[in-house]
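The primary structure of each chain is shown beneath.
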Amino acid sequence: MGEMFGSWRRAISSTSQRTLTIIVCALYAVAGPSIILLNKRILSDLRFPYPYTLTCMGLVASSAISTSLIKLGLVPLSSSHCEQIDAQFYLRKILPIGAFQALAMGFGTVAYLSLTVAFIQMLKAFTPVITLLVLYAFRIEKFNTRLTLAVGGISVGTLIAVASEVQLDVFGLVIHEISAVSEAIRLVLTQKMLTNMKFSPVEGLHYMAPSGALCMTLLVILFELRPMVQHNAWSVVVAHPMMFVSASVLGFALNILSFAIIQLTSSVMLKILSVVRTAALVVFCGVFLGEIITPSESIGYVLSLVAFAWYNYVRMDLETQRNSVGSIAR
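Below: a short report on this structure. Remember, it's a predicted structure, so these values are computed and weren't measured experimentally.

**Thoughts on the overall build of the chain**
And step 1. In terms of regular secondary structure, the chain is built from 14 helices and zero strands.
And step 2. Here the chain has a C-alpha radius of gyration of 21 Å; the compact-globule value for 330 residues is 20 Å, and the two agree.
And step 3. Overall size of the chain, expressed as C-alpha extent along the three principal axes, is 70 × 50 × 45 Å.
And step 4. Taken over 330 residues, the chain has a buried fraction of 45%.
And step 5. Residue pairs in contact within the chain that sit at least 24 positions apart in sequence constitute 87% of those at least 6 positions apart.
And step 6. If you sum the accessible surface of the chain, you get close to 17,600 Å²; carbon and sulfur atoms cover 68% of it.
And step 7. If the 22 positive side-chain charges of the chain are averaged to one point and the 15 negative ones to another, these points end up 6 Å apart.

Structure, rendered in structure tokens:
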């Protein structure tokens, strides 16, 4: 009888785990496109062309929510991290990450003012190329022929898509690629910082979101504060408060959901979901929002996705080889 009840409990636990995983994956798949479309609507339809301010609101919200959860005792703060993260550590390691986070998020939002949502999603397939080049530059990644061929395929597909884009804006394209480079550098700096320490998602936001918000505030003061005052832009926020609150909260939720997927499944599943939802958003924009996607542009994007899949396969294979070598060495 005890064994039977034990089997039932394990079956219920396994079912609950699968249900939770499905719910988290579904929320992640919806949250990403939702925040993109919501930000696009705020910038264009509400005529609030202040991307730095919109991004800054999200970072301030992430800082406030994560700090509140820690102060209320709902999320523990590592005592070792409190001792390790002093003023010097913050200025040397966390603040630079915040600066590149501000550039990546700010410029990434600026691109939506002049490029279509579908085209920006296509450009995201080019991200591994930039990331690999940055890893080579920082000498974190050694040259690998298969990876280089994979990013070559991604590059060709992206070039076809760019050449076929009928609403191409060169300024928007350059701004988006600056955002991608900044994001790659941010990831490398974060990887180097986390070599000997690990943060929970809330703890990570608690330490790093304020530095990003600070740097983003400087961009707001330099480029957007004066025109916002002149055009009474805050009246838009007052007239549509829930849209701005939703955009800010969704950014925080997306960070938590990303971490939850890795915990429940793996980082590979996170990448797969990201690719699938990005492709789905491209189709959605073409079918329901009327954004123009040419046949040759679609071919270029599909080629990029195939090369991107190969890139991730090579990455996993190299990681497996490294782990095998490490196990033998031990």
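**A closer look at helix α7 (residues 145-164)**
And step 1. Taking 1.5 Å of rise per residue, the 20 residues of α7 would be expected to cover 28 Å, and the 29 Å separating its terminal C-alpha atoms lies within 8% of that figure.
And step 2. Within α7, burial applies to Leu147, Ala150, Val151, Gly153, Ile154, Ser155, Gly157, Thr158, Ala161, Val162 and Ser164.
And step 3. With a side-chain oxygen lying 3.0 Å from the backbone nitrogen of arginine 146, the N-terminal cap of α7 falls on asparagine 144.

**Points about the nonpolar core**
And step 1. Tyr28, Ile42, Phe48, Phe244 and Ile261 are the most contacted members of the largest nonpolar core, which totals 44 residues.
And step 2. When residues of this core are traced back to their parent elements, those giving at least two are α1 (2-45), α2 (51-71), α5 (117-123), α7, α11 (234-239), α12 (241-264) and α13 (267-287).
And step 3. If one sorts the elements of this core by residue count, α1 sits on top with nine residues.
And step 4. Residues contacting isoleucine 42, with those up to four places away along its chain left out, are Arg47, Phe48, Leu54, Met243, Phe244 and Ala247.

**Some points on helix α4 (residues 87-110)**
And step 1. The first and last C-alpha atoms of α4 sit 32 Å apart over 24 residues, in line with the 34 Å expected at 1.5 Å per residue.
And step 2. Along its length, α4 shows its largest kink, about 35°, at isoleucine 94, and proline proline 96 lies within four residues downstream of that point.
And step 3. Within the span of α4, buried status applies to Phe89, Ile94, Ile97, Gly98, Gln101, Ala102, Ala104, Gly106, Phe107, Gly108, Thr109 and Val110.

**Description of unusual backbone geometry**
And step 1. In the Ramachandran plot, arginine 47 falls in the positive-phi region, its phi being about 55° despite a non-glycine side chain.
And step 2. Structurally, the position occupied by arginine 47 is in the loop between α1 and α2.
And step 3. Given a relative accessible area of 71%, arginine 47 falls into the exposed group.
And step 4. Positive phi values are uncommon outside glycine, yet asparagine 232 reaches one of about 50°.
And step 5. Assignment of secondary structure puts asparagine 232 in the loop between α10 (225-230) and α11.

**Examining the packing of aromatic side chains**
And step 1. Throughout the structure, instances matching the rule amount to six aromatic pairs.
And step 2. Here tyrosine 52 and phenylalanine 223 contribute two aromatic rings whose centre-to-centre distance is 6.0 Å and whose plane-to-plane angle is 50°, an arrangement assigned as tilted. Of this pair, tyrosine 52 sits in helix α2 while phenylalanine 223 sits in helix α9 (residues 201-223); the two residues are 171 residues apart in sequence, bridging distant segments of the chain.
And step 3. With a centroid separation of 6.0 Å and an interplanar angle of 35°, the aromatic rings of tyrosine 136 and phenylalanine 143 are classed as tilted.
And step 4. On the basis of relative accessibility, which here comes to 22%, the residue tyrosine 136 falls in the partly exposed class.
And step 5. Phenylalanine 143 sits in the exposed class, given a relative accessible area of 61%.

Reading guide: rules and limits
- Residues numbered from 1 in each chain as written.
- Predicted model: local features only at pLDDT ≥ 70, side-chain atom pairs only at ≥ 80, totals over all residues.
- Heavy atoms only, no water.
- Helix = DSSP H or I, 4+ residues; strand = E, 2+ residues; numbered from the N terminus.
- Rg over C-alpha atoms; globule rule 2.2 N^0.38 Å.
- Buried < 20%, exposed > 50% of the residue type's maximum accessible area, 1.4 Å probe, protein only.
- Contact = heavy atoms within 4.5 Å.
- Areas by Shrake-Rupley, 256 points an atom, 1.4 Å probe, with all protein chains shown as cover.
- Lys, Arg positive; Asp, Glu negative; His and termini not counted.
- Charge placed at Lys NZ, Arg CZ, Asp CG, Glu CD.
- Expected span 1.5 Å × (residues − 1).
- Polar contact = N/O pair within 3.5 Å; in protein donor to acceptor, adjacent residues only side chain to side chain.
- Core = buried A, V, L, I, M, F, W, Y, C linked by side-chain atoms within 4.5 Å.
- Bend = angle between axes of the 7 residues up to and from the residue.
- Phe/Tyr/Trp six-rings, centres within 6.5 Å; stacked < 30°, edge-to-face > 60°.

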